[in-house]
Amino acid sequence: MSSSWPIRRPTECAAIAAAARSERRLPPIQIILADLLSANQLGDRHGVNLCAHKAARAALGEVGE
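Values in this document were obtained by computation on a predicted structure and should not be read as measured data.

Calculation rules
Residues numbered from 1 in each chain as written. Predicted model: local features only at pLDDT ≥ 70, side-chain atom pairs only at ≥ 80, totals over all residues. Heavy atoms only, no water. Helix = DSSP H or I, 4+ residues; strand = E, 2+ residues; numbered from the N terminus. Areas by Shrake-Rupley, 256 points an atom, 1.4 Å probe, with all protein chains shown as cover. Axes fitted to C-alpha atoms, helices over the stretch in contact; angles between N-to-C directions. Parallel < 35°, antiparallel > 145°, perpendicular 65-115°, else oblique. Left-handed = near helix turned anticlockwise from the far one by under 90°. Contact = heavy atoms within 4.5 Å. Expected span 1.5 Å × (residues − 1). Buried < 20%, exposed > 50% of the residue type's maximum accessible area, 1.4 Å probe, protein only. Arc of directions from axis to C-beta. pLDDT = per-residue confidence, 0-100.

> Describe the overall build of the protein chain, with residues and values.
If you tally the helices and strands in the protein chain, you get 3 helices and 0 strands. Listed N to C, the secondary structure of the protein chain is α-α-α in terms of helices and strands. Accessible surface, the protein chain: about 6,100 Å² in total, of which carbon and sulfur atoms supply 58%.

> Tell me what's going on with the packing of helix α2 (residues 29-42) against helix α3 (residues 45-60), and back it up with residues and numbers.
Axis separation between α2 and α3 bottoms out at 8 Å; the angle between their running directions is 160°. Judged by the inter-axis angle, α2 sits roughly antiparallel to α3. Read as a crossing pair, α2 and α3 show a hand that is left-handed. Facing α2, whose interface residues are I29, I32, L33, D35, L36, A39 and N40, α3 presents G47, V48, C51, A52, K54, A55 and A58.

> Give a detailed account of α3, specifying residues and quantitative values.
With 16 residues, α3 should cover 22 Å at 1.5 Å per step; its first-to-last C-alpha distance of 22 Å lies within 8% of that length. Restricting attention to buried positions, one finds in α3 the residues G47, C51 and A55. Down the axis of α3, the sector holding all buried residues measures 70°, keeping them to one side. Turned more than 90 degrees away from the buried face of α3 sit R45, H46 and L60, all of them exposed.

> Go over α2 with me, naming the residues and quoting the values.
The first and last C-alpha atoms of α2 sit 20 Å apart over 14 residues, in line with the 20 Å expected at 1.5 Å per residue. Backbone geometry just after α2 places G43 at a positive phi near 75°.

> Give a description of the confidence of the model for the protein chain that names residues and reports values.
Summary statistics for the protein chain give a mean pLDDT of 83 and a share of 83% for residues scoring 70 or more. Mean pLDDT values over the elements of the protein chain span from 80, in helix α1 (residues 10-21), up to 95, in α2.

Structure (C-alpha cells):
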C-alpha cells in the first residue's frame, strides 16, 4: 500500500519552526574560503558544495531562490 501524501510528524513541524526562529551565525568568510580550498584539494565534492553555499550566504547576507 503506497500513499501519495507524506506523513507529517509533530516533531518535524516543531523542529522546522524552531530552526526558523533561531539565527544561525556563519564563521568569517576567510575561514569558509580556507575550508573551501581544503575540500577542493581533498577532492571532497560535497564539502566544496557546502562551503561554496556558505560563502555565498556570508558574502550576500541572504541567498534567494
